[in-house]
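Chain by chain, the residues:
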Amino acid sequence: MSAGADCLYIKAIATVRHPDKRECAECVKMGAQWVHLRTCQECGVTLCCDSSPNRHASKHARASEHPVVASAERGERWLYCYPDDAFADY
Ligand SMILES: [Zn+2]
Ligand SMILES: [Zn+2]
Ligand SMILES: [Zn+2]
């Protein structure tokens, strides 16, 4: 881990969870579009990023108090903690 080393939520992650499917679980239900995908490290759900119209990942993080997501984009290896606004590579 590089940045975000003082985030306890990121520190607590031993194994990074990856998406089951590369699609936003909520956008698929609504027939909406997304830009990038993030996978919740608490429950494993894959949702859309803050550049997407519906921002499902950050809504989920707030509503469920699941702090950390991983990028679900191919070739990207980083974690993000919403409450601490902290990124970390892995
Ligand atoms: Zn944190
Ligand atoms: Zn979405
Ligand atoms: Zn979650």
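Residues numbered from 1 in each chain as written. Chains lettered and ligands numbered in written order. Predicted model: local features only at pLDDT ≥ 70, side-chain atom pairs only at ≥ 80, totals over all residues. Heavy atoms only, no water.

A. The arrangement of the sheet that holds strand β2 (residues 46-48) in detail. The five strands lie next to each other as β2-β1-β3-β4-β5, forming an open sheet whose pairing is antiparallel. Each edge of the sheet is formed by a strand with only one pairing partner; in this case those strands are β2 and β5 (86-89). Sheet twist, expressed as the average angle between the axes of neighbouring strands with direction ignored, equals 30°. Judged from the three bridges that link them, strand β1 (residues 37-40) and β2 form a sheet pairing that is antiparallel. Counted as the bridge partner of R38 is L47 from β2. (Pairing = 2+ DSSP bridges. Helix = DSSP H or I, 4+ residues; strand = E, 2+ residues; numbered from the N terminus. Axes fitted to C-alpha atoms, helices over the stretch in contact; angles between N-to-C directions.)

B. Region of interest: the nonpolar core. Counting 10 residues, the largest nonpolar core consists of C7, I10, I13, V16, V68, A70, L79, C81, A86 and A88. Contacts of V68, omitting those with residues within four sequence positions, involve Y9, I10, I13, T39, C40, Q41, E42, L79, Y80 and C81. Among the nonpolar cores identified, the runner-up in size contains eight residues, and C27, A32, A57 and A72 belong to it. (Core = buried A, V, L, I, M, F, W, Y, C linked by side-chain atoms within 4.5 Å. Buried < 20%, exposed > 50% of the residue type's maximum accessible area, 1.4 Å probe, protein only. Contact = heavy atoms within 4.5 Å.)

C. Quick look at the coordination of the zinc ion (ligand 1). The zinc ion (ligand 1) binds to the protein through C7 (SG), C81 (SG) and D84 (OD), with metal-donor distances spanning 1.9 to 2.2 Å. Taken in sequence order, the residues that donate to the zinc ion (ligand 1) follow the motif C-x73-C-x2-D. Linking C7 in the segment before α1 (8-11) with C81 in strand β4 (residues 78-81), this pair joins segments that are 74 residues apart in sequence. Since its relative accessible area comes to 0%, C81 is described here as buried. (Donors = N, O, S within 2.8 Å, 3.2 Å for Na, K, Ca; no water.)

D. Seen up close, the coordination of the zinc ion (ligand 3). Summarising the metal site, the zinc ion (ligand 3) is bound by the protein donors C40 (SG), C43 (SG), H60 (NE2) and H66 (ND1), whose distances to it range over 2.0 to 2.3 Å. Geometry at the zinc ion (ligand 3) is tetrahedral, judged from the four donor atoms that bind it and their angles of 100 to 115° at the metal. Each donor residue of the zinc ion (ligand 3) lies on one chain, and together they are spaced C-x2-C-x16-H-x5-H. Here the residue C40 occupies a position in strand β1, and H66 occupies one in the loop between α3 (56-64) and β3 (68-71), the gap between them amounting to 26 residues. (Tetrahedral: all angles 85-135°; square planar, octahedral: opposite > 155°, others 65-115°.)

E. The packing of aromatic side chains, seen in detail. In the structure shown here, the tally under the stated rule is three aromatic pairs. Taking the centre distance of 5.3 Å and the plane angle of 70° together, the rings of W78 and F87 count as edge-to-face. Judged by its relative accessible area of 44%, F87 falls in the partly exposed class. Ring geometry for Y80 versus Y82: centroids 5.0 Å apart, planes at 85°, classification edge-to-face. Ring pairs connect the aromatic residues W78, Y80, Y82 and F87, which therefore count as one cluster. (Phe/Tyr/Trp six-rings, centres within 6.5 Å; stacked < 30°, edge-to-face > 60°.)

Worth remembering: the numbers are spatial, not functional.
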